[in-house]
Amino acid sequence: MKARVHVMLKNGVLDPQGEAVRHALGAMGFDQVEGVRQGKVIDLELAADATEADITEMCEKLLANTVIERYEIELV
C-alpha cells in the first residue's frame, strides 16, 4: 500500500518560508502572486496490512506538529 501525506501550516500560523518565496517571486517580476503557503509531502510505502488509522497515528505522533500543522492522507 502507498500513502501520501500532505502537511501544511494551519490558517493563521505565520509562514516565513512561504513569505520568502512570495517575496522572491515578486522580485522576479511575478507580481500577481499575493500569497504563498509552503508545506511538505511525505510518500509512505506500507505493508499490505497497514490501515488508515495506522497512518493517522504516524501523523499525530511524528509526521505533523498538530499544534500548528494540519495534514491530509491520500491513499495512492
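Residues numbered from 1 in each chain as written. Predicted model: local features only at pLDDT ≥ 70, side-chain atom pairs only at ≥ 80, totals over all residues. Heavy atoms only, no water.

1. Some thoughts on the pattern of salt bridges
Using the criterion set out here, one finds 4 salt bridges in the structure. Two residues, D43 and R4, come together in a salt bridge whose shortest N-O distance is 2.6 Å. Note that D43 is positioned in strand β2 (residues 40-45) and R4 in strand β1 (residues 2-9), a separation of 39 residues in sequence. Judged by relative accessible area, which is 29%, R4 ranks as partly exposed. Of the charged contacts in the structure, one is a salt bridge between K61 and E57, with a shortest N-O distance of 2.9 Å. On the criterion of helical spacing, the pair formed by K61 and E57 is a turn pair, its members being 4 residues apart in helix α2 (residues 52-63). Judged by its relative accessible area of 67%, K61 is exposed. (Salt bridge = Lys/Arg side-chain N within 4 Å of Asp/Glu carboxyl O. Helix = DSSP H or I, 4+ residues; strand = E, 2+ residues; numbered from the N terminus. Buried < 20%, exposed > 50% of the residue type's maximum accessible area, 1.4 Å probe, protein only.)

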